[in-house]
Amino acid sequence: MAYSKITEYDGITEYKLDSNDLKLLLAPRRAAPVVAFMVLYRVGSRNEAVGHTGATHLLEHMLFKGTPTYNKQNGTQIASVLQRQGGVYNADTWFDRTRYYEMLPSDQLELAVHIEADRMRNSFIADEDRQSEMTVVRNELERGENEPSNVLHERLWAAAFREHPYHHPTIGWRSDVEGMATSRLKEFYDTFYHPNNATAIIVGDFDESVALDLMSRHFNLIPPSPSPIPQMYTVEPPQEGEIRFTLRRTGQLGLINVGWHIPEATHPDTGALTVLDTLLSAGITSRLYQAMVETQMAVDVGAQAFQFVDPGLFMLHITLRPGVTHAEAERVGLEVIENMKTEDVPEKELQKAKNMITTQMIYLRDSPLGVARVIAEAEAVANWKMFVDLPKMVEQVTPADIKRVAATYFTEDNRTVGWFIPKQEEGIDSNDEAYEE
Amino acid sequence: MMKPMKNNSFVARTRRFQLSNGVTLMVLENPANPTVSIAGSMRAGEYFSPAGKDSLAGITASMLGKGTRRRSKLEIAEEMESAGARVGLSSNTFTVSVSGLSLSRDLPMIVSTLAEELREPAFPAEELEKMRQRIIANIQEEQDDTRVRAYDRMTQLVFPEGNPFHQTPAEKAIGQIESITVDDIREFHQKFYGPSSMILAVVGDVKADDAYALFEEKLGKWQGAPEAVIDITETPLQPAAIRETVVMKDKPSADVVIGHASRLRRSNPDFIAARIANNALGQSTLSSRLGLKVRDEMGLTYGINSSFAESGIGDGPFVITVTVAPENISLAVGATVEIVNDYIANGIREDELKDEQSSIIGSFKIGLATNSGLANQLAASELFGLGVKYLDEYPSLVSTITKSDVDEAIRKYIHLEVATTVVAGTL
């Protein structure tokens, strides 16, 4: 046998390919004749350094440019081959990981396995492709820069992280993207794209023995990395004092982002932080919605615990109603957060938040790709078993946990606050706000 | 006794009911996951908004979720959110969509909430005021979006005022929203919300007979408005090409929208051929003709697509959209026009046709793999008068399309020579 069974947990079986340590997760669900295949690489913008930001993402684009087997010249371009099957396919890059995926009619599983095995080591990464793809990525970056909310979000992370690479956005800084040498991308590819740095995930309508056979046939001959995968070791030191900044450019509605440093995903407080973000911002009964949208202070409000391999941020974002000042909206938003430190959340409210999280996990099971995505996210930041354990972790959260976690992380010294203040374009009469400085 | 052959067709698996007031209900049992999805529609969309109150249909649909004569918005939300369930209405160009999702044990709860909202809405004045302010702020925010500005302006140039595809200019829309009253909403609800055009599809872990009994109990006695008639004349092609710019500040990427009246509806006999014609041209940024040239080869854009944007009950526009840095606009538009002209002159290649056919059939199969995907397809087939059997027949209908069918559709429906091009950005 070319593979070893490692463990089985809640209907998901983990295997390892003996020849190269590729991790394989199989989650058969035979509700409909479709299958999702995903390969996750443990490399993201977290592994980039000054001058090379955006390399992981640009490389991800380059992996659609072909291999000796799959290419435009012989009519087998990866996208065209997958499109022909009506597949849902793409790839995405984030701080900690890059993932490539396909959802196809179940009789096409081998196609997805073959493409991903092939492009793991055989991608061209040619200089002429890099030149045209760089400008594609530059347009992607420019589209992001069109959106004040996106620019504010990026600036907040850049302000909150000084030393750790979560400082820079996954898409990279513009001049780094423009100046990136093809040799640098190739080096990145040769450093991180190996079976022992990857997890393959199959969810949906497939036969376990057939899947194992396909995986060994297509991945077995790929050798493991010649040297160990380099580890990222930079640690963000404590913040030691509030950071504030202002962004001014043309726009319509004012925005506020607040971020507090929170621990890594494997930390025991993850369950409480997940419940906290739901209590604060999920649905119209949530605390922030009631305090800010119902009272006409905000058009939109949200909170999210961004948890990664390394410590991330708990973020609050507010889109201001015209006429409301940033200072007033910030005061009310922070008051809601502050209350979480002292108030015992009523049992009924806590249970509601838990139910929202657990039913969401059940709804997700309707789609093989949805399941694959969430398994991959857990695997990228911690371990795939966290996907299975999350409902249990959430169920155990008590009102005291919520208070303790809020008091631990939502402190002034640990906080970064950014305001987007729109400069008005002529025309639409919208924001009659008297800017408060 | 011999075991009967299992018939896996959608016709065999779907139970179709008529409630006593005329609501059409379809139920497909799928016990794979303990959840239920609802999808459906009713003819009460923006088309029915009276002149001068263009958003009335949308506001009415949203106001139905803002409290009933029995319970406040918050009381309803408490119950729904505590169960992680949702149900609601939203308006489209011609219809109001119904959608719902719950654990199967909570189906009675979402059905009775839906019925309560449809039959006994309260339309509280203070909720209207809040909604009004939110919608206005959203419209203002959208004015900062290059895509919205370019698309809306294109529709204003292509479709006459009063046509449902003509997007009302922002300032005018805001003025109209400010004038809408609770009485307007009440009147709209009485006039257009009724069971006769209502279609509901329910898919998931539920027994068809139980679902029927439940809907009959909650909704079967509802006597609302009589069936509303949609009578929309076809928008002719524009006589000549128009080009306009919308100048905005601080936008590193511009949006280009090229559009014209498509004269294509879901009921056109060559609808599938037209769909294949579009898909090969621009459905996928990564693999269609436009994307292969303008993105993959020239590297000018992250996204270029074409679509028959709203070919359903009415004939919406044929649209090509591309995002591009301002200095590359003429290059991108030039290449786009060249590709389309070549496509019109030479038609689809045989291999391309084959690929698009298998792509449509494969993606149809994938779309039907989830409860919500199935519910949406069942409801849409009913709305367009195609029936459940259409889901079984669709793959073979797609397979029978020939190159000459597609070439004819290309020549009939794609006309860049008279298209309206709008560029929005920092120019």
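Residues numbered from 1 in each chain as written. Chains lettered and ligands numbered in written order. Predicted model: local features only at pLDDT ≥ 70, side-chain atom pairs only at ≥ 80, totals over all residues.

Visitor: Looking at this model, I keep getting lost on the overall build of chain A. Mind explaining?
Guide: Counting its regular elements, chain A contains 15 helices and twelve strands. Across its three principal directions, the C-alpha atoms of chain A cover 65 × 50 × 40 Å. Taken over 437 residues, chain A has a buried fraction of 52%. The long-range fraction of contacts in chain A, counting pairs at least 24 apart against all pairs at least 6 apart in sequence, stands at 79%. (Helix = DSSP H or I, 4+ residues; strand = E, 2+ residues; numbered from the N terminus. Buried ≥ 20, exposed ≤ 12 C-beta atoms within 10 Å, placed from the backbone. Contact = placed C-beta atoms within 7 Å.)

Visitor: How do you make sense of the domain arrangement of chain B when you look at a structure like this?
Guide: A common way to express how large an interface is: the accessible area buried when the components associate. Residues and elements named next belong to chain B. As assigned here, chain B comprises domain 1 (10-219) and domain 2 (242-425). The distance between the C-alpha centroids of domain 1 and domain 2 comes to 28 Å. At the junction of the two partners, domain 1 supplies 35 residues and domain 2 supplies 36 residues. If you list the elements that add at least two residues to the side of domain 1 that touches domain 2, you get α1 (10-13), β1 (14-18), β2 (24-29), β3 (35-42), α6 (146-158) and β6 (199-204). When the residues that make up the side of domain 1 that touches domain 2 are grouped by side-chain class, the tally is 19 nonpolar, twelve polar and four charged. (Domains from an automatic or database assignment. Nonpolar A, V, L, I, M, F, W, Y, C, P; charged D, E, K, R; others polar.)

Visitor: What's the story with the sheet that holds strand β12 (residues 415-423) of chain A in this structure? I'm lost.
Guide: Within a sheet, adjacent strands bond to each other through the backbone by hydrogen bonds, running parallel or antiparallel. All names here are of chain A. Ordered in space as β8-β12-β9-β11-β10, the five strands form an open sheet in which the pairing is mixed. Either end of the sheet is taken by a strand with one partner, and the two such strands are β8 (243-250) and β10 (298-306). Each neighbouring strand pair of the sheet contributes to a mean axis angle of 15°, computed without reference to strand direction. Relative to β12, strand β9 (residues 255-262) is paired through six bridges, and the arrangement is antiparallel. Within β12, the residue paired with I256 across the bridge is W419. (Pairing = 2+ DSSP bridges. Axes fitted to C-alpha atoms, helices over the stretch in contact; angles between N-to-C directions.)

Visitor: What is the right way to look at the interface of chain B and chain A in this model?
Guide: Counting residues at the interface gives 58 residues for chain B, matched by 51 residues for chain A. When residues of the side of chain B that touches chain A are traced back to their parent elements, those giving at least two are α3 (73-82), β5 (96-103), α5 (125-142), α7 (170-179), α11 (289-297), β10 (317-324) and α13 (350-367) of chain B. Among the elements that line the side of chain B that touches chain A, the one with the most residues is α13(B), at ten residues. Looking at the side of chain B that touches chain A, its residues break down into 22 nonpolar, 22 polar and 14 charged.

Visitor: Explain the domain arrangement of chain A to me, please; I cannot follow it from the model alone.
Guide: Residues and elements named next belong to chain A. Along its sequence, chain A is carved into domain 1 (3-219) and domain 2 (243-423). Domain 1 and domain 2 are separated by 28 Å when their C-alpha centres are compared. The partner domain 2 presents 29 residues to the 36 residues of domain 1 that form the contact. Of all elements in the fold, only β3 (23-28), β4 (34-41), β6 (98-105), α5 (148-160) and β7 (198-204) reach the threshold of two or more residues within the side of domain 1 that touches domain 2. Here the side of domain 1 that touches domain 2 takes ten residues from α5, the largest share from any one element. For the side of domain 1 that touches domain 2, the residue count by class is 23 nonpolar, five polar and eight charged.

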